[in-house]
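Remarks on the overall topology
Letter by letter, the chains look like this.
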Amino acid sequence: MEDTKPTLVLDHVSKSFGDFIAVSDLSLQVRPGRVFGLIGPNGAGKTTTIRMIVNITAPDSGRVELFGQTMSTAMQDRIGYLPEERGLYKRMKIGEQLRFFAELKQLRGAEAEKRIDTWLKKLDLFNWKDKRTKELSKGMQQKVQFITAVVHNPDLVILDEPFSGLDPVNVELMSDTILEQKAAGKTIILSTHQMEIAEKLCDDVCMINRSHKVLDGKLREIRRSFSRNAVALQFQGEDGLLNDPTLVASIRQHGDDTEVLLVPGASPQELLRRLVEANVAVTKFELVEPRLHDIFIEKVREVA
Amino acid sequence: MRKFLAVVKREYVQRVRTKFFVVATVLGPLFMAGFTILPAMMFGIKSGAPTRLAVVDESGTMYERVAKEITSGKKPRDEDVVQALDQSSSGNNNAKEKIEQANKLSGSTYVVEEVRLNGRSVGEIRKDLETKIQSHELDGYILLPANVLKEGQAEFRGRNAADVFTVSYVAAAISRAVRGQRLAEAKVDEKFVAEASEPIKLRTTGAGGQESKGEASFYLAFGAGLLIYMSVLLYGQFVLGAVIEEKETRIAEILFSSMRAFPLMMGKLIGVSLVALTQLGIWGLAFFTFSAWAAGGSSVPLPQIPAMLFVYFVIYFLMGYFVYATVYAVVGSMVTTTQEGGQMALPIVLMLVAGFLLSRNIIRSPNSSLSFWTSMFPFFAPITMLMRIATETPPLWQILLSLGIGVATIIGLVWLAARIYRVGMLMYGKKATIPEVWRWVRQS
């Protein structure tokens, strides 16, 4: 996996607007066939980064390389882009609209028509093909917009907040569709604030904050490295031993769970053994993997 | 290139299919006719009843002549008018018919009564007449002082001093009366004077050898200017709206991820221009059909329009459209909402209006230096040069020069606009300031 050629390389890329530095010395690689999460708080520089990837703006310095070549206008056709701020022509019919956007990606004629129909059916929108945008609900418009990003069968799909405004059913539908794209060998860059979804979908994650990269790597490895030696417990009975400062650093109530952070060096096995010895009825004992949400907040606070 | 064509096609098809386009295409000519004919008719219409004037003749010798001149119904500054009308006549109409025609056009008749002094003072009579004016028994009175022949001064008091037609009419009538009286007192035979004053008949032909028809060519020039003005304004606003829509809905972001800003902007400008040409083409066709129908037996007089004028019309429309629409595109990319766009676009509209307001001066003296310079200024030229061409075609080098300046301006504006557009379309949140815009231009 490591030696496959990356789909996208950002090599020491910087971009500023006047005095404002939007992206500073950012390097990253996106490997083919994977879902790459680009996360960070508002104003971190995600949108500017994406705009450089899709060749809307050029970096002040550094290099953007796509499919092994330096970025160019011709390569835009191999990218599908769902911007965060999205828009469709309000008075245009859905079918015509999709045909127009497909044409801008060099897809036209019967082939375009066929693919548009396939996608409309897949996302339960086929009956709306001759309706105008303004007649559609926000969630439906969102799905139409998604089709504009994938209809020309691009190798790289960039989705900026694809889940905003969707109900749970459609979030599920969208998630499944993204995973299907991945299975079909597409590379996907996903930018989102919704950490639970990012956790579920992403293989790799890059976190940027205040124009700098703060974290980058495979999601699993990142989570492991952030493991804080914590255990989630549910139990009944004596809990005096949790006050032992040689074993437990802190306790936090988290819903029904008692989250126990062990002192460095102490093993979870030791805790379990002591609990059993003390005759405590343990109903749940689980090593806690740090959630992306927590890592995100921790990293953002670190810099602040 | 194919992406550019896709943009052109979208702009064109989406717009031509709208109800607005269909309605505007049908109603446009009616409005145009209304705009051109109504003012002419409104000048002509007077509120039915004749204008009642009283004449106070202190000299005691002038009343007969003045009354005759006023009721004889000659237009103000009759010689000038007769001459002007004669120039515009197609040759076989003589002056008298023309005068009658002019009177019919102005529709005004006059009734004159003499007010004798009968020992009263002028002040008393004034007072009496003022009351009559106020009680609507009278529309105005003329006071001829005893020394009117020597001093050449008289007084007119009308209810409506702003009625310039009556004022100049009365002034001309008194002048003629005074002149006649002076000549009579100098023992000059009046018959001789009348013969001597008979204006020459001037037959005018246009530069193309065709007989020019003054009035017709006035309306033609005015109509052409009005049509350019209205279509440039309308289609410029379309471009403004289209650009703002794409910026407001953030469609620009998707478009820019598929194509460069320049072909996108050009595609938009050209797409809308094709819509405009389609509409103008339909109108042109309708006009031809109507003319052909009218020529076949109807008495509706339609101006003969030289074919070249249509060519010039299309050329100058395109020039005006691209000059203004490019500026509109820039404005659209700088603002964030339609309302802001309207405010920012106001100076552009005013510029267009200014060009149109010049039309009177241009048509009157198409070869003045004012006409020349305004027809070289690319923001006025589409209206002013076309009016000059319609009235008194200027030398070809002037036309070519104005076109050259226009094309150079368009290239410059497009160059500038593309730079502003590219950055402006991705700037959200607030209206761009001029220094910011200037920075965009320099940076890109």
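Residues numbered from 1 in each chain as written. Chains lettered and ligands numbered in written order. Predicted model: local features only at pLDDT ≥ 70, side-chain atom pairs only at ≥ 80, totals over all residues.

All right, on to the overall build of chain B then. For chain B, the helix and strand inventory stands at 19 helices and four strands. Burial analysis of chain B (444 residues in total) assigns 32% to the buried set. (Helix = DSSP H or I, 4+ residues; strand = E, 2+ residues; numbered from the N terminus. Buried ≥ 20, exposed ≤ 12 C-beta atoms within 10 Å, placed from the backbone.)

What follows concerns the environment of Gly225 of chain B. Residues and elements named next belong to chain B. Note on placement: Gly225 falls in helix H10 (residues 214-248). Through-space distance from the C-alpha of Gly225 to that of Arg388 is 9.8 Å; in sequence the pair is 163 residues apart. Apart from residues no more than four positions distant in its own chain, Gly225 is found in contact with Phe356, Ser359, Ile383, Leu386 and Met387. (Contact = placed C-beta atoms within 7 Å.)

What follows concerns helix H17 (residues 381-391) of chain B. Counting buried positions along H17 of chain B gives 11 out of 11 residues, so the element sits mostly inside the fold. Residues Ala381, Pro382, Ile383, Thr384, Met385, Leu386, Met387, Arg388, Ile389, Ala390 and Thr391 of chain B constitute the buried set of H17 of chain B.

Attention shifts here to the domain arrangement of chain A. As far as domains go, chain A holds domain 1 (8-224) and domain 2 (228-288). Measuring from the centre of the C-alpha atoms in domain 1 of chain A to the corresponding centre in domain 2 of chain A gives 43 Å. (Domains from an automatic or database assignment.)

Let us now look at the nonpolar core. Formed by 133 residues in total, the largest nonpolar core has its most connected members in Ile158 and Leu190 of chain A together with Val239, Ala325, Tyr328, Ala329 and Leu386 of chain B. It is helix H13 (residues 307-334) of chain B that provides the largest number of residues to this core, a total of 15 residues. Excluding anything up to four places from it in sequence, Leu190 of chain A contacts Val35, Phe36, Gly37, Leu38, Leu159, Ala198, Leu201 and Cys202 of chain A. In this structure, Val148, Val170, Ala172 and Ala173 of chain B belong to the second largest nonpolar core, which totals 24 residues. (Core = buried A, V, L, I, M, F, W, Y, C linked by C-beta atoms within 7 Å.)

Here we come to the interface of chain A and chain B. Contacts between chain A and chain B engage 20 residues on the former and 17 residues on the latter. Counting only elements with at least two residues in the side of chain A that touches chain B, the list comes to strand S6 (79-82) and helix H2 (94-103) of chain A. Ranked by residue count, the leading element in the side of chain A that touches chain B is H2 of chain A, at three residues.

This paragraph deals with the sheet that holds strand S1 (residues 51-57) of chain B. Residue and element names in this part refer to chain B. Judged by pairing direction, the sheet is mixed, and its four strands sit side by side in the order S2-S1-S3-S4 without closing on themselves. Of all the strands in the sheet, the pair left with one neighbour each is strand S2 (110-115) and strand S4 (155-158). Along the sheet, successive strands turn relative to each other by an average axial angle of 20°, direction set aside. With five bridges joining them, S1 and strand S3 (residues 140-144) adopt parallel strand pairing. Of the residues in S3, the one forming a bridge with Val56 is Leu143. Strand contacts of helix H3 (residues 63-72): S1, S2 and S3, with the helix running at about 165° to S2, the strand carrying the most contacts. (Pairing = 2+ DSSP bridges. Axes fitted to C-alpha atoms, helices over the stretch in contact; angles between N-to-C directions.)

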